[in-house]
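What follows is the residue order along each chain.
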Amino acid sequence: MYIKRIDLKNFRNYKETDIELGEGVNVFYGRNAQGKTNIIESVYMASTGKSHRTQKDMELIRWNSEDAKITIDYKKEEEERIEIYLSKRLKKQIRKNGVRISKIGDLIGNLNAVIFSPDHMKIIKEGPVERRRFIDIILSQVKPGYYYNLVQYLRTLEQRNNLLNEAGINTGILKTIDIWNEQLADFGAKIIRARQEFICKICCMAADTHKRISNEKEKLDIKYNSSIKYHNNSEKEIRESFIKVLENYIKIDLKRGITHKGPHRDDILFFINGAEVKTYSSQGQQRTTLLSLKISELKYMKEETGELPVLLLDDVFSELDKERQKYLIEFIKDMQTIITCTNVEYFERLINEEVKVFKVEEGIIEKE
Ligand SMILES: Nc1ncnc2c1ncn2[C@@H]1O[C@H](COP(=O)(O)OP(=O)(O)OP(=O)(O)O)[C@@H](O)[C@H]1O
Ligand SMILES: [Mg+2]
């Protein structure tokens with residue numbers, strides 16, 4: 001899969017820009033705050049319907065403008081077009097090949113992208129929210145139905161939590177909790193099962209990459225740490241176990257008015273040679289873990305969809321040492337990559353392949 005053209009109107013600091021990308025490596029370089037990441041953001045929008053750095057679509061509209069538009073032409077089996085229209089007055093409009101898409105779930109999975117920036121160290125270093133986000137974005141792209149289940153799960157969770165809160169005043173409504181437990185377990189079991197399966201697959205791939213980058217010295221292990229216990233990863237078993245847990249925890253749930261167990265509380269754990277990465281690993285080991293994880297994310301997507309996604313590398317290379325740069329470059333040779341950096345000469349030395357270079361200056365892009 002590759003993007004042929006990006007057309008932006010009043011998006012961030014771009015008044016009007018229309019660029020044609022190459023099928024291989026595309027480098028956008030320029031000083032800080034010129035609009036490099038904004039390009040990556042526009043592609044990410046077309047992939048997921050959302051920005052990777054803000055929840056507020058209004059921030060994406062160029063200052064003093066009423067609306068913005070992103071148009072991306074890409075080639076999968078056929079030529080496709082995604083259009084996103086943002087307005088200060090109207091609802092966001094998304095179109096695929098001219099036809100209106102009303103649900104984000106129907107957009108995700110069309111233009112698949114993997115994004116990698118230094119900010120992603122959060123996945124390794126910070127709390128479980130980032131890790132769940134990581135997993136949910138990938139699975140939403142490759143597994144039909146995953147995003148739908150997730151949305152339904154979160155909706156049911158909210159309703160169950162509302163009920164827990166109201167039960168303080170009106171104990172009678174607790175009679176209906178079983179219905180919510182059943183529904184939560186229905187969607188929740190599907191989510192846990194998909195995540196568990198994903199982690200098993202990605203664990204092998206990441207361990208393989210990590211072993212090579214660390215000169216065979218380190219064994220990376222990734223585990224899905226669920227708040228629901230199960231032995232074999234069957235939906236039925238997870239569902240039953242989930243219902244039992246909900247029943248056992250009802251007193252605690254009622255006390256705080258929230259649901260304490262379920263995939264919204266689950267986590268992913270990383271270990272190097274048996275020690276947890278977040279707590280015991282050096283900065284370098286953490287970076288290698290992230291790189292291994294990102295490379296396996298690409299491999300996984302290729303395996304599941306039969307196509308390599310578009311890779312978005314925002315300011316990544318300057319943070320990696322030579323050995324790790326070499327690994328990443330080895331990888332990007334076969335796929336379309338959009339890279340942002342401040343120093344292009346350095347890049348041209350690094351990559352032997354043909355590279356399409358764009359200079360970015362105050363929201364204006366010039367092809368070199
Ligand atoms: N809605 C907007 N309207 C106009 N300009 C905006 C808007 N949002 C952001 N900008 C401008 O876009 C620029 C930032 O763009 P971007 O984040 O792409 O920079 P960058 O080139 O990636 O920089 P760095 O190298 O520091 O990462 C800033 O100058 C900012 O003021
Ligand atoms: Mg940037």
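Basis of the calculations
- Residues numbered from 1 in each chain as written.
- Chains lettered and ligands numbered in written order.
- Predicted model: local features only at pLDDT ≥ 70, side-chain atom pairs only at ≥ 80, totals over all residues.
- Heavy atoms only, no water.
- Core = buried A, V, L, I, M, F, W, Y, C linked by side-chain atoms within 4.5 Å.
- Buried < 20%, exposed > 50% of the residue type's maximum accessible area, 1.4 Å probe, protein only.
- Helix = DSSP H or I, 4+ residues; strand = E, 2+ residues; numbered from the N terminus.
- Domains from an automatic or database assignment.
- Contact = heavy atoms within 4.5 Å.
- Near = heavy atom within 4 Å.
- Polar contact = N/O pair within 3.5 Å; in protein donor to acceptor, adjacent residues only side chain to side chain.
- Areas by Shrake-Rupley, 256 points an atom, 1.4 Å probe, with all protein chains shown as cover.
- Nonpolar A, V, L, I, M, F, W, Y, C, P; charged D, E, K, R; others polar.
- Salt bridge = Lys/Arg side-chain N within 4 Å of Asp/Glu carboxyl O.
- Pairing = 2+ DSSP bridges.
- Phe/Tyr/Trp six-rings, centres within 6.5 Å; stacked < 30°, edge-to-face > 60°.

### Topic: the nonpolar core
Grouped together as the largest cluster of nonpolar side chains are 68 residues, with contacts concentrated most on Phe 198, Ile 222, Leu 313, Leu 328 and Ile 332. Looking at this core element by element, the count peaks at 14 residues for helix α6 (residues 177–213). Split by domain, the residues of this core number at least three in each of domain 1 (1–112 + 307–368) and domain 2 (122–305). Residues in contact with Phe 198, not counting those within four places in the same chain, are Phe 134, Ile 135, Ile 138, Leu 139 and Tyr 300. Counting residues in each nonpolar core, the second largest holds 38 residues, with Leu 8, Ile 61, Ile 70 and Tyr 74 among its members.

### What to know about the site of ligand 1
Within the structure, ligand 1 sits among 16 residues, and Asn 32, Ala 33, Lys 36, Thr 37 and Asn 38 are positioned closest to it. In the environment of ligand 1, an oxygen atom lies 2.7 Å from a nitrogen or oxygen atom belonging to the backbone of Ala 33. Taking Thr 37, its side chain carries an N or O atom lying 2.7 Å from an oxygen atom of ligand 1. Considered on its own, ligand 1 offers 660 Å² of accessible surface; in the complex 78% of this is hidden by protein. Considered class by class, the residues forming the shell around ligand 1 number three nonpolar, six polar and seven charged.

### Focus on the domain arrangement of the protein chain
Partitioning the protein chain into domains gives domain 1 (1–112 + 307–368) and domain 2 (122–305). Each of domain 1 and domain 2 has a C-alpha centre, and the two are 29 Å apart. Here domain 1 and domain 2 share one salt bridge between them. Among the ionic pairs, Arg 287 bridges to Glu 319, the shortest N-O distance being 3.5 Å. Scanning the region where domain 1 abuts domain 2 turns up five residue pairs in polar contact (both at pLDDT 80 or more). Put simply, the parts of the chain that give the side of domain 1 that touches domain 2 at least two residues each are α1 (36–48), α2 (104–107) and α11 (322–332). Sort the elements by how many residues they give to the side of domain 1 that touches domain 2 and α11 lands first, with five residues. Here the side of domain 1 that touches domain 2 is composed, by residue class, of 11 nonpolar, five polar and five charged.

### Observations concerning the environment of Gly 35
Among the secondary structure elements, Gly 35 is positioned in the loop between β3 (25–29) and α1. Residue classification places Gly 35 among the buried residues on the basis of a relative accessible area of 6%. Spatially, the C-alpha atom of Gly 35 lies 7.2 Å from that of Glu 361, the residues being 326 residues apart in sequence. Excluding residues that lie within four positions of it along the chain, Gly 35 makes contacts with Asn 13, Tyr 14 and Val 360.

### Thoughts on the pairing of strand β8 (residues 113–116)
Side-chain alternation along β8 places Ala 113 and Ile 115 on one buried face and Val 114 and Phe 116 on a second face that is also buried. In terms of strand pairing, β8 meets strand β12 (residues 310–314) through four bridges, oriented parallel. Opposite Val 114, over in β12, you have Leu 311 as the bridge partner.

### Re the environment of Ile 84
Relative to the elements of secondary structure, Ile 84 occurs in strand β5 (residues 79–87). Sequence-wise, Ile 84 and Arg 95 are 11 residues apart; in three dimensions their C-alpha atoms are separated by 6.5 Å. In this structure Ile 84 touches Met 45, Ala 46, Gly 49, Ala 68, Lys 69, Ile 70, Lys 92, Gln 93 and Ile 94, once residues within four positions along its chain are discounted.

### Some thoughts on the packing of aromatic side chains
On inspection of all chains with the given rule, the structure shows three aromatic pairs. Relative to Phe 358, the ring of Phe 28 lies with its centre 4.6 Å away and its plane at 10°, an arrangement referred to as stacked. Separated by 330 residues along the polypeptide, Phe 28 in strand β3 and Phe 358 in strand β14 (residues 355–361) bring together distant segments of the chain. Like Phe 28, the residue Phe 358 is buried in the burial classification. With a centroid separation of 4.8 Å and 80° between ring planes, the pair formed by Phe 198 and Tyr 300 is classed as edge-to-face. Of this pair, Phe 198 sits in helix α6 while Tyr 300 sits in helix α10 (residues 283–305), placing them 102 residues apart in sequence. Residue class for Tyr 300 comes out buried when judged on its relative accessible area of 1%. One aromatic cluster in this structure is built from Phe 134, Phe 198 and Tyr 300.

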